[in-house]
Amino acid sequence: MNLTERDALYNWHPYTQHKTAQPPIAIVKGKDALLWDENNKEYIDAIASWWVNPFGHSNTVIADAIYKQLTTLEHVLFGGFTHEPAVKVSEKLMTLLPNNQKKIFFSDNGSTSVEVAIKVALQYFYNKGEKKTTIIAFENAFHGDTFAAMAASGISFYTQAFQGMFIDVVRIPVPVKGHEVASYVALREAIQNNNCAGFIFEPLVQGAAGMVMYEPEALDELLKICQEHKVITIADEVMTGFGKTGKTFACDYLQHQPDMMCLSKALTGGTIPMAITTFTQELFDAFYDEDINKALFHGHTFTANPTGCAAALASMELLHTDEMQNNIARIHQSHLEFQKRIEQHPKVATARTLGVIFALEIKTEGAASYYGTLRNKLYDFFIENGVILRPVGNIVYILPPYIITKEQLEKVYQVVESALEIV
Ligand SMILES: *Cc1c(COP(=O)(O)O)cnc(C)c1O
């Protein structure tokens, strides 16, 4: 049996209807932007393996840092103990985060970072003796697959089996061009009609929705409204963090600063699962009390795992090398050029670029479904041509690792262009 056949015996894959899905491709090796399967077929990883891997597969700088940490102190519990890698990660983050962020809490993945943020927003008011239990979120948001994160998510595809079992969420429109005012009005109404504890959002780009983009000025206005009404703001930067938008964080484009931020995906350069939620001093202070019941009773067994911290430190250092910043600027520039050449194509409805993120929408008759026929046809075409892209309905997006070469990126563009001829 090959790997794919052995896999089929026992493994249950994410977001997969096993009865109708193609068997998974067994990958045996990765280097930089490339992956190889068990038949030695080569693929360009044009989505950085679900947006986690900016510095390339099998990156030796991060691998060395991990090995050194594994042979020094691989893990120690974070309840009652601390260690240098965790202290260094927090010190380093303090130099990168918006300057109102003063405390950090470690967890394991994007969903848990969101779970922590929502729990802190709710308990903040509980600790103050105020009853505020509603969370505001965008339509078509994606914040993860644990329960509070699912509640905040608006893509019904992921959550329909659990409707009626969620915390209270009110949804407002995303302030995409032409819909800004509708979004502001909906936010004011949501705050007026509910006891809102917090507002969670993906800043500037909604990833899972298909790289839906909106302007910093619009988000600033929403943050201003929340701040006027003491609604806690949570920037879910799980996808956008660590350079994707061209700045370290999407929030770096804003005038107003969020009260909390959620980080994961690229945090460890795509090596070890890890996440961080960050907070203002005011949030931390609402839990700081003689009363033990006011503490944040949340934790995970592997909280602040030293090996994950070592990977995060190495990644954050790589991000700010001239080489990587130049790569980000180069990819952005070439996306803009590709956008110019493709947006006039008769089958392209719209195209957009922010940082290293590029997306185009294919013209369709009616709405394309999330995992529909068009999407599957495109996906299969890309795989056949050795490029890993996962379209969302009729939206094709590229989010490459920063180290992708000029030639590899050009191949990705060409395959996307040829795909337009088969749809
Ligand atoms: C991927 C993602 C999450 C969930 O992260 P997991 O590590 O998959 O749990 C949450 N928020 C956003 C914006 C994401 O892109």
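This one's a predicted model, so the numbers in the text were calculated from it and none came from an experiment.

Conventions we followed
Residues numbered from 1 in each chain as written. Predicted model: local features only at pLDDT ≥ 70, side-chain atom pairs only at ≥ 80, totals over all residues. Heavy atoms only, no water. Salt bridge = Lys/Arg side-chain N within 4 Å of Asp/Glu carboxyl O. Helix = DSSP H or I, 4+ residues; strand = E, 2+ residues; numbered from the N terminus. Buried < 20%, exposed > 50% of the residue type's maximum accessible area, 1.4 Å probe, protein only. Expected span 1.5 Å × (residues − 1). Contact = heavy atoms within 4.5 Å. Pairing = 2+ DSSP bridges. Axes fitted to C-alpha atoms, helices over the stretch in contact; angles between N-to-C directions. Near = heavy atom within 4 Å. Polar contact = N/O pair within 3.5 Å; in protein donor to acceptor, adjacent residues only side chain to side chain. Areas by Shrake-Rupley, 256 points an atom, 1.4 Å probe, with all protein chains shown as cover. Nonpolar A, V, L, I, M, F, W, Y, C, P; charged D, E, K, R; others polar.

**Focus on the pattern of salt bridges**
1) Next: According to the stated counting rule, one finds six salt bridges in the structure shown.
2) Next: Here E221 and K224 are joined by a salt bridge, their closest N and O atoms 3.9 Å apart. A residue pair is termed a helical-turn pair when its members lie 3 or 4 positions apart in one helix, as E221 and K224 do in helix α9 (residues 216-228) at three residues.
3) Next: Exposure remark for E221: the relative accessible area of 23% places this residue in the partly exposed category.
4) Next: Two residues, E417 and R341, come together in a salt bridge whose shortest N-O distance is 2.8 Å. One end of the pair, E417, is in helix α14 (residues 406-422); the other, R341, is in helix α12 (residues 322-342), with 76 residues separating them in the sequence.
5) Next: Given a relative accessible area of 25%, E417 falls into the partly exposed group.

**Here we look at α9**
1) Next: Along its 13 residues, α9 runs 18 Å from first to last C-alpha, staying within 8% of the 18 Å computed at 1.5 Å per residue.
2) Next: For α9, the set of buried residues is P216, A218, L219, D220, L222, L223, I225 and C226.
3) Next: Contacts from the buried residues of α9 go to β5 (134-138), α8 (180-193), β7 (196-201) and β10 (232-236).
4) Next: Of the residues flanking the end of α9, it is K230, one or two places downstream, whose phi is positive at about 55°.

**So, the sheet that holds β10**
1) Next: Taking strand neighbours across the sheet as the criterion, the seven strands line up as β4-β12-β11-β10-β7-β5-β6 in an open arrangement whose pairing is mixed. The outermost strands of the open sheet, each flanked by one partner alone, are β4 (103-107) and β6 (169-172). The mean inter-strand angle of the sheet, taken between neighbouring strand axes irrespective of direction, is 20°.
2) Next: Relative to the sheet, helix α5 (residues 110-127) contacts β4, β5, β7, β10, β11 (260-263) and β12 (275-279), its axis offset from that of β12 by approximately 25°.
3) Next: α8 contacts β5, β6 and β7 of the sheet and is inclined by roughly 160° relative to β6.

**Points about the sheet that holds strand β1 (residues 27-31)**
1) Next: One open sheet holds the four strands; their spatial order is β1-β2-β3-β15, and the pairing between them is mixed. Bordering the open sheet on either side are β1 and β15 (387-388), each of which pairs with just one other strand.
2) Next: Relative to strand β3 (residues 42-45), strand β2 (residues 34-37) runs antiparallel, the two being bridged by three bridges. By the bridge assignment for β3, L35 is matched with Y43.

**So, the site of the ligand**
1) Next: Near the ligand the following residues occur: W51, N109, G110, S111, F142, H143, G144, E202, D236, V238, M239 and K265.
2) Next: Within the side chain of D236, an N or O atom sits 2.7 Å from a nitrogen atom of the ligand.
3) Next: K265 has a polar side-chain atom sitting 2.7 Å from an oxygen atom of the ligand.
4) Next: When the free accessible area of the ligand is taken as 380 Å², the share hidden by the protein chains comes to 83%.
5) Next: Class assignment of the residues belonging to the shell around the ligand gives a composition of four nonpolar, five polar and three charged.

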